[in-house]
Amino acid sequence: MNRITVYHYDAFSTKPNYGNPDGVVLHADSLSDADMQQIAGVVGFNETVFVLRSSVADLRLRYFTPGHEINLCGHATIASIHCLKEKRVLQNKTSLTIETRAGVLPVSLKTSDPTLEIEMRQDRPQFISYHGDVDQLAGSLGLTGSEIDISLPIVYGSTGTWTLLVPIRRLSSFMKMAPKNRIFPDILKENPRASVHPFCMETHDPGVFMHARH
């Protein structure tokens, strides 16, 4: 495998290292599955996205965690589209379709200089209840059970890729989180290949928010 360029983008933020980090690899048609998996492992982000040609859409996106390929990733999609706009690959497009393992999905773009707004449709939402031990779940995140907000449901959710939605009481808990990724499959008995997605209703900046449309 030749030297590969991986672009680092932070989705959902205008500040470097404040958003959701993602690796983007353009012109990935010559890469094998093993190549993509190896690159994602070296990059080490939760997801690295590979941009390929498609016969059924404007482009094809494949998403790899350091361990395996997943069907769809929202922030990686946003990162790849932003990268393609910056590299002038998409030119003046205001809409396009992407081929993913979750299906062919529409994406719309709106430029309001200097802001680029990207809206994507995800797969039909699905949910599965979590019946595991809350204290063990908290421990896998480096937290105590009391730091999880049990007034809200703990559920697996998917709009293309399964993740466990874990409500956290206070933002301060995020500063000391130390996830033990290797034990997640033992904790997530209903869905061992799901990721874990802690969230909190508190925000640093109440003016910053993200819309989700299904």
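About the thresholds
- Note that residues are indexed from 1 along each chain, following the sequence as it is written.
- Where totals are concerned, whole chains, interfaces and linings use all residues; where local detail is concerned, this predicted model gives features only for residues with pLDDT of at least 70, and gives and counts side-chain atom pairs only at 80 or more.
- Only hydrogens and water are removed before side-chain values are computed, so all heavy atoms of the structure are retained for them.
- Numbered from the N terminus, helices here are DSSP runs of H or I no shorter than four residues, and strands are runs of E no shorter than two.
- With the radius of gyration taken over C-alpha atoms, the globule rule is written as 2.2 Å times the number of residues to the power 0.38.
- Exposure categories follow from relative accessible area, calculated using a 1.4 Å probe and restricted to protein chains: below 20% of the type maximum is buried, above 50% is exposed, and the middle band is partly exposed.
- Put simply, a disulfide is two cysteine sulfurs that come within 2.5 Å.
- Grid spacing is 1 Å over the protein atoms alone, the probe is 1.4 Å, and a cavity is where that probe fits but cannot get out, while a pocket is an open set with protein on both sides within 12 Å along at least five of seven lines and lining residues have an atom within 4 Å of a point.
- Grid points are joined across faces, edges and corners, and a volume is the space filled by probe spheres set on the points.
- Side-chain classes are defined by residue name, with Ala, Val, Leu, Ile, Met, Phe, Trp, Tyr, Cys and Pro counting as nonpolar, Asp, Glu, Lys and Arg as charged, and the others, Gly among them, as polar.
- Pairing between two strands is assigned when DSSP locates at least 2 bridges connecting them.
- In this description, a line fitted to the C-alpha atoms serves as the axis of each element, helices being fitted only across the stretch in contact, and the angle between N-to-C directions of two axes falls anywhere from 0 to 180 degrees.
- Any Lys or Arg side-chain nitrogen found within 4 Å of a carboxyl oxygen on Asp or Glu counts as a salt bridge.
- Residues adjacent in sequence count toward polar contacts only when both atoms are side-chain atoms; beyond that, a polar contact is any pair of N or O atoms within 3.5 Å, and within protein one must be able to donate a hydrogen and the other to accept it.
- A contact between two residues is defined here by any heavy atoms of the two lying within 4.5 Å.
- By nonpolar core we mean a set of buried residues, namely Ala, Val, Leu, Ile, Met, Phe, Trp, Tyr and Cys, connected to one another through side-chain atoms within 4.5 Å.

Enquirer: What's the story with the overall build of the protein chain in this structure? I'm lost.
Expert: When helices and strands are counted, the protein chain shows 4 helices and 12 strands. The globule rule puts the C-alpha radius of gyration for 214 residues at 17 Å, and the 18 Å found for the protein chain is close to it. When its C-alpha atoms are laid out on the principal axes, the protein chain stretches across 50 × 40 × 30 Å. Out of the 214 residues belonging to the protein chain, those deemed buried represent 40%.

Enquirer: Could you clarify how one ought to interpret the state of the cysteines in this entry?
Expert: A covalent bond between the sulfur atoms of two cysteines is what we call a disulfide. In the structure shown here, the tally under the stated rule is 0 disulfides. Of all cysteine sulfurs, the one in Cys73 lies closest to Cys83, which takes part in no disulfide; the gap is 15 Å.

Enquirer: Is there a simple way to explain the layout of surface pockets in this structure?
Expert: Which parts of space are left empty comes out when a probe the size of a water molecule is rolled across the atoms. Approximately 160 Å³ is the volume found for the second largest pocket. For the second largest pocket, the full set of lining residues is Leu26, His27, Asp29, Val51, Leu52, Arg53, Asp58, Leu59, Leu84, Val89, Leu90 and Lys93. For the lining of the second largest pocket, the residue count by class is 7 nonpolar, 1 polar and 4 charged.

Enquirer: Please explain the sheet that holds strand β11 (residues 162–168) as it appears in this structure.
Expert: Sheet strands line up and pair through hydrogen bonds in the backbone, either parallel or antiparallel. Ordered by their spatial adjacency, 4 strands build an open sheet running β9-β10-β11-β12, and the pairing between neighbours is mixed. Edge positions in the sheet fall to β9 (126–129) and β12 (195–200), since each of these pairs with one other strand and no more. Looking at each pair of strands side by side, their axes are set apart by 30° on average, direction ignored. Across 6 bridges, β11 lies against β12 in parallel orientation. Each bridged residue has a counterpart across the sheet, and for Leu164 the counterpart in β12 is Val196.

Enquirer: Could you clarify how one ought to interpret the pattern of salt bridges in this entry?
Expert: Charged atoms that come close allow side chains of opposite charge to pair. Enumeration over the complete set of coordinates arrives at 8 salt bridges. Of the charged contacts, one joins Arg101 and Glu69 as a salt bridge, the two residues approaching to 3.1 Å between their closest N and O atoms. A residue pair is termed long-range when its members are at least 10 positions apart, and Arg101 in the loop between β6 (95–100) and β7 (103–112) and Glu69 in strand β5 (residues 69–70) qualify at 32 residues. What makes Glu69 buried here is its relative accessible area of 15%. Two residues, Glu202 and Arg170, come together in a salt bridge whose shortest N-O distance is 3.8 Å. Of this pair, Glu202 sits in the segment after β12 while Arg170 is found in the loop between β11 and α4 (184–187), placing the two residues 32 residues apart along the sequence. What emerges from the salt-bridge pattern is a single network uniting Asp33, Arg62, Glu69 and Arg101.

Enquirer: I keep staring at the side chain of Asp149 and nothing clicks. Help me out?
Expert: Within the secondary structure, Asp149 sits in the loop between α3 (134–140) and β10 (155–158). For Asp149, the side chain forms a polar contact with the side chain of Ser151, separated by 2.5 Å. With residues near it in sequence (within four places) discarded, Asp149 still touches Pro167, Ile168 and Arg169.

Enquirer: What's the story with the nonpolar core in this structure? I'm lost.
Expert: The tendency in soluble globular proteins is for nonpolar side chains to be buried side by side. Among the nonpolar cores identified, the biggest contains 28 residues, and Val24, Tyr63, Ile81, Leu96, Ile98 and Val107 are the most heavily contacted of them. Per element, the largest residue contribution to this core is 6 residues, and it comes from helix α2 (residues 74–86). Setting aside its immediate chain neighbours within four residues, Ile98 contacts Ala57, Leu59, Leu61, Tyr63, Thr77, Ile81, Gly103, Val104, Leu105 and Val107. Counting residues in each nonpolar core, the second largest holds 17 residues, with Ala138, Ile187, Leu188 and Val196 among its members.

Enquirer: So what exactly am I meant to see when it comes to the pairing of strand β2 (residues 20–25) here?
Expert: In the case of a regular strand, side chains alternate between the two sheet surfaces. When strand β1 (residues 7–11) meets β2, the two strands line up antiparallel, connected through 5 bridges. Across the sheet, residue His8 finds its bridge partner in β2, namely Gly23. As judged from the 3 bridges shared by β2 and strand β3 (residues 48–52), these two strands associate in the parallel manner. When the bridges of β3 are listed, Gly23 appears paired with Thr48.

These figures come from the coordinates and say nothing about function on their own.
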